[in-house]
Amino acid sequence: MPRTLTLVFASLLLASTLSACAAGRLIGYQIAPDYPEVDDADSYTLSGLTAPVRISYTNDGIPRIEAQHEADLFFAEGFLQARDRLFQLDFLRHMARGRLAELVGNVPMGGKSALDLDRMNRFLGFEADARRIYEQLDPAERANLDAFAAGVNAWIALDQRSLEHRLLDTEIALWHATDTMAVFRIVMFGLTHNYSREVRRLLIACDTGFDALERVWPTRIDFPEYYLPEDAWGAGGHAVPDAVAPELRTELADLCPKSSPEGTQAQGHPRGELALYNPLQLWEGGIQSSNNWVVSGKHTSTGKPFLANDPHMPHLNPPIVWPVHQKLPSGETVGFVLVGTHRVFVGHNFHVAWGSTINNVDLQDLYVEKPMTRDGVEGYEYEGAFVPFEIRTEEFRTKDGEVVSQTVRATRHGVLLNDIEPFLASRIPLTALRTVALDSAGDSVALQRAGMARTVTEYVDAMQPFDTACINWVVADTAGNIGWTSPCRVPKRPASLGTFPVPGWLSAYEWQGIYEKSELPRSINPEQGWIATANNQPIPRGRFPTPYDNDSSPPNRWARIAGYLSSRESPVTMDDMTALQMDVGIAYWPKVRADLESALCASGRDGMDEAERAAADLFCAWDGRVSADSPAASLFMLFSNHILDVALADDLTGGADGETWNFVQSVAHIETNAERLWYEAGDAAVWDDTRTPAVETRDDAYRSAFRLALVDLRARRGDDSADWAWGDVRPFVLKHFFGMGGGLLGSVFNADPLRGAGAPETVFKNQYLRSDRTEMHPMAGPSVRLVVDLGDPHRSRYTLAGGASGWPKSPHYADLLEAWMAGEFHTLVPGADAMAGGFDLLPGGEPDPVAAR
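Residues numbered from 1 in each chain as written. Predicted model: local features only at pLDDT ≥ 70, side-chain atom pairs only at ≥ 80, totals over all residues. Heavy atoms only, no water.

1. Some remarks on the nonpolar core
Residues F466, F636, F639 and L841 are the most contacted members of the largest nonpolar core, which totals 252 residues. When residues no more than four places from it in sequence are discounted, the contact partners of L841 are Y44, L46, L49, A51, P52, V53, I55, A76 and F79. Judged by nonpolar contacts, the second largest core, of 14 residues, contains M582, V584, A751 and L817. (Core = buried A, V, L, I, M, F, W, Y, C linked by side-chain atoms within 4.5 Å. Buried < 20%, exposed > 50% of the residue type's maximum accessible area, 1.4 Å probe, protein only. Contact = heavy atoms within 4.5 Å.)

2. Topic: the sheet that holds strand β19 (residues 414–415)
As summarised here, the arrangement of the 3 strands in space is β17-β18-β19, forming an open sheet in which the pairing is antiparallel. The open sheet has two free edges, formed respectively by β17 (390–397) and β19, since each of these has just one partner strand. Each of β17, β18 (403–411) and β19 is contacted by helix α5 (residues 114–124), which is oriented at about 135° to β17, the strand it contacts most. (Pairing = 2+ DSSP bridges. Helix = DSSP H or I, 4+ residues; strand = E, 2+ residues; numbered from the N terminus. Axes fitted to C-alpha atoms, helices over the stretch in contact; angles between N-to-C directions.)

3. Re unusual backbone geometry
Cis geometry marks the peptide bond from N317 to P318; its omega dihedral reads 5°. Assignment of secondary structure puts P318 in the loop between β8 (312–314) and β9 (321–328). With a phi close to 75°, F350 is a non-glycine residue in the positive phi region. Looking at where F350 falls in the secondary structure, it is placed in the loop between β11 (346–348) and β12 (352–358). With relative accessibility at 13%, the residue F350 sits in the buried group.

4. Comments concerning the packing of helix α20 (residues 610–620) against helix α21 (residues 631–648)
It is the contact of α20 with α21, at a shortest axis distance of 9 Å, that shows an interaxial angle of 100°. Overall, the two elements α20 and α21 adopt an arrangement that is roughly perpendicular. The segment α20 lies against α21, with A615, L618 and F619 engaging P631, A632, L635, F636 and F639. In the contact of α20 with α21, the residues fall into 8 nonpolar, no polar and no charged. (Parallel < 35°, antiparallel > 145°, perpendicular 65-115°, else oblique. Nonpolar A, V, L, I, M, F, W, Y, C, P; charged D, E, K, R; others polar.)

5. Details of the sheet that holds strand β15 (residues 377–382)
An order of β14-β15-β16 is seen for the 3 strands of this open sheet, with the pairing classed as antiparallel. Of all strands in the sheet, those bounded by a partner on one side alone are β14 (371–374) and β16 (385–388). Strand-to-strand twist across the sheet, computed as the mean angle between neighbouring axes with direction ignored, equals 50°. Pairing of β14 with β15 involves 4 bridges; the strand directions are antiparallel. Bridge pairing in β15 links T373 to E378.

6. Overview of the state of the cysteines
Under the definition given, this model contains 3 disulfides. At a sulfur-sulfur separation of 1.9 Å, the disulfide partner of C601 is C620. Residues C601 and C620 share a disulfide whose torsion about the S-S bond is about -90°; that sign makes it left-handed. A residue pair is termed long-range when its members are at least 10 positions apart, and C601 in helix α19 (residues 589–601) and C620 in helix α20 qualify at 19 residues. A relative accessible area of 12% places C601 in the buried class. Its relative accessible area of 10% is what places C620 among the buried residues. Shown here for the chain is a disulfide pattern of 1-2, 3-4, 5-6, where each number marks a bonded cysteine counted in sequence order. (Disulfide = S-S within 2.5 Å.)

7. Thoughts on the pairing of strand β21 (residues 471–477)
Across the 7 residues of β21, 7 count as buried, placing the element largely inside the fold. Residues I471, W473, V475 and D477 line one face of β21 and the alternating positions N472, V474 and A476 line the opposite face, and both faces are buried. Note: β12 against β21, 7 bridges, orientation antiparallel. Its bridge partner lying in β21, S356 is registered against W473. Both β21 and strand β22 (residues 482–485) contribute to a ladder of 4 bridges, which runs antiparallel. Residue A476 lies in a different strand from β22, and its bridge partner there is I482. Counted between consecutive antiparallel strands, the loop separating β21 from β22 contains 4 residues, among which G480 sits at a positive phi close to 110°.

8. As for helix α15 (residues 442–450)
The element α15 is extensively covered by neighbouring structure, given that 8 of its 9 residues are classed as buried. What α15 keeps buried is the set G442, D443, S444, V445, A446, L447, Q448 and A450. Packing partners of the buried residues in α15 comprise α6 (126–136), α7 (139–157), α9 (177–189), α16 (456–462) and β21.

9. Focus: the packing of aromatic side chains
Going through the model one piece at a time under the given rule, you end up with 41 aromatic pairs. Plain terms: the ring middles of F636 and F639 are 6.3 Å apart, the flat faces sit at 40° to each other, and that makes the pair tilted. Of the two residues, F636 and F639 both sit in helix α21, 3 residues apart, roughly one turn of that helix. With a relative accessible area of 0%, F636 lands in the buried category. The buried category is assigned to F639, whose relative accessible area is 0%. Measuring from ring centre to ring centre gives 5.7 Å for W687 and Y702, while their planes differ by 80°; the resulting arrangement is edge-to-face. Highlighted residues: W687 in the loop between α23 (670–677) and α24 (698–717) and Y702 in helix α24, separated in sequence by 15 residues. Look at W687 and you get buried, because its relative accessible area is 1%. (Phe/Tyr/Trp six-rings, centres within 6.5 Å; stacked < 30°, edge-to-face > 60°.)

10. Some remarks on the pattern of salt bridges
According to the stated counting rule, one finds 51 salt bridges in the structure shown. A salt bridge links R541 to D222, with the nearest nitrogen and oxygen atoms 2.5 Å apart. Residue R541 is located in the loop between β25 (530–533) and α17 (556–567), and its partner D222 is located in the loop between α11 (210–216) and α12 (246–255); the two are separated by 319 residues in the primary sequence. A cluster of three or more residues bridged by salt bridges with shared partners is formed by D90, R93, R97, R99, E102, E127 and D179. (Salt bridge = Lys/Arg side-chain N within 4 Å of Asp/Glu carboxyl O.)

11. Side note on the side chain of R493
Among the structural elements, R493 can be located in the loop between β22 and β23 (502–503). Looking at R493, its side chain comes within polar contact range of the main-chain oxygen of D362, at 3.2 Å. In contact with R493, not counting residues within four places along its chain, are P241, D362, L363, Q364, D365, G498, W511, T546 and P547. (Polar contact = N/O pair within 3.5 Å; in protein donor to acceptor, adjacent residues only side chain to side chain.)

12. Things to note about the environment of A51
Examined against the element boundaries, A51 turns out to sit in the loop between β1 (43–46) and β2 (53–58). Taking the relative accessible area as the measure of exposure, A51 reaches 11% and is therefore buried. Distance in space between the C-alpha atoms of A51 and L163 is 32 Å, their sequence separation being 112 residues. Not counting the four nearest positions on each side in its chain, A51 is found in contact with Q68, H69, D72, L841 and P843.

Right, dumping it as structure tokens:
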């Protein structure tokens, strides 16, 4: 059946899950879609502009904004973002402000309810942070944010509601300048912390003790590869603190809950008519992904630097990024912004190019508190004294009018996770979350100045006010310079490694101030002629006065990139750069393959039946590439799932089927723990199944995981290995918020399935949560890929995981996805022959709605 007829047929069935009115609206849209179209004859007369603005579009749907004044440019950008992505804007601001249930109701969202997410985001204070940041902005940047908000509101005033808003039958509130700051703040929160790993370690320690913790998720995981050149490491000689404070090692058992609730689900879903897709839960657990690298002209075919970046963001349809070309008389910038914000975070200004990845510097800590009661008042102990809890109560509203009152407790260190994360409420001791305070609008100041830089040095200096997330900014300029910087507010924690909670009742574990930005590592024009980052460890521990990074990503992606750049004998070309972004090889496979020799590939085949031997032959002959057409890649990925169960879950209550193990795996950073297993010795304690009297080895664990993987694969795809291709076992579906469960709404809003390549730790990353063993849905990966030639920035290439538009049936709705999957790149700044028309924005008209602040 043709797709159009399929969608109409599906929409006719929606009356069973949506209201009759909503189903009618969907049917009407499918028959006669009214998405905004580009028409050269169009113009909009809008109050709030001071001069005309010309909007033109590339054939890919990328807008080019030509304005005389910066405020007019950002007004136009707000107007166009709302035109393309209004529901996404509205969704993100409701989520950031802890008001999502007001928009969509208390619906299931990726293992939680909308109210669960609201409670966490409201009490973490993103809305209050946004107001504080806005008030501290300089007048010029405040005016730019106000202009962006006015542009969004100018589109809202035209009353062309998105399809999603029509289905929800909801009105759209005006956009506030602080909405932009709130969206930016929640994104930065997802880039700043390792608390999600700390809390999982705490859960394990409470579940089965410290010995089990070190087997299941060690408190210190070090890999020998570092991405910064050695001349940026620092003098060294600093002591590395213990991960577990002795006071907690002694007293934790008494502070942990005596029993955990039974019969509840770690990822339980409340019932409702609409289930929303929530890849944004990755921000809760901490995003750990992205690759970027820069190569100096002495290694390139043009004699000028090349820069590559592929930020791994939550996969959404439409993408979380939006492409734009900004042109002013003073200069121009082209690249990608985060939806809801206004400045390019990956791109170039024809003088300097920049890209970003996450540097896992730890800007948060957890504090285990000792409860105390005095005169009927609940509180906690600090240095032997009683301190009452700070109590905060908020009212939460749902779309259907329900009002829910929620109360949380906080200590001097921060809000108690027990009160904002339902699964943890009765499973861990009282535990407060502390994060680096926002004392200024440094992030906005830095981005504002950096976009005007003309050299690497100017860019690095401009970025120094950046506060809230340590981001690996790699940068290159047309003069031939390359560099790296990662400024943020790094706390001094001399008594703590930062990978496990500390005693909240002792002042010895407080932070001792913040490091000056000048004390942090940086690198400009290193001798080796290139810099690459992939979220792995930047410098060895002990080379900085305090633990500089914690729980970094494994070095597999970096090893592939660095190995290529360091071994090249001929100059690197632009084609080499784009091909490297598409790499699906696993760097540690040769090590694993050698260890499989005695377990599966030679002497370890005793007792195998014919089917198992055939599968082992396939497995042992694999080249280590997770390509879409590889049956062996499927076997390996399922093997890597089951090795976690075999090696680690036996130490936890409930084993591989227990709620604790499900929760432990429900964070992307489990990949660091997964990869360290491949480097454990063959007789390491982690391989022993503590439930049996025998002492198992790595060979035993590998054989067991292999058999489980084979059973799993045959159950999914049958007995014929010709049907086991990875792209068929785990197809790639780019999902919309409304497409969580696929089905009827998914058929309207999700992109068509593709045969996907890549794995959680290949350069072409396709991250799934290890707790998702059924679908293994790719939740994060390179939302955009960009390669810039500083010899001719007009030759910049990109590919986008989706499309510019958020309107289903628009020609630019997910239109670039197939090319993205295939590694087909487009010109970011095409010539006149690749332009598709445009329109003008003209000053005048009725007064624009004023965005409240």
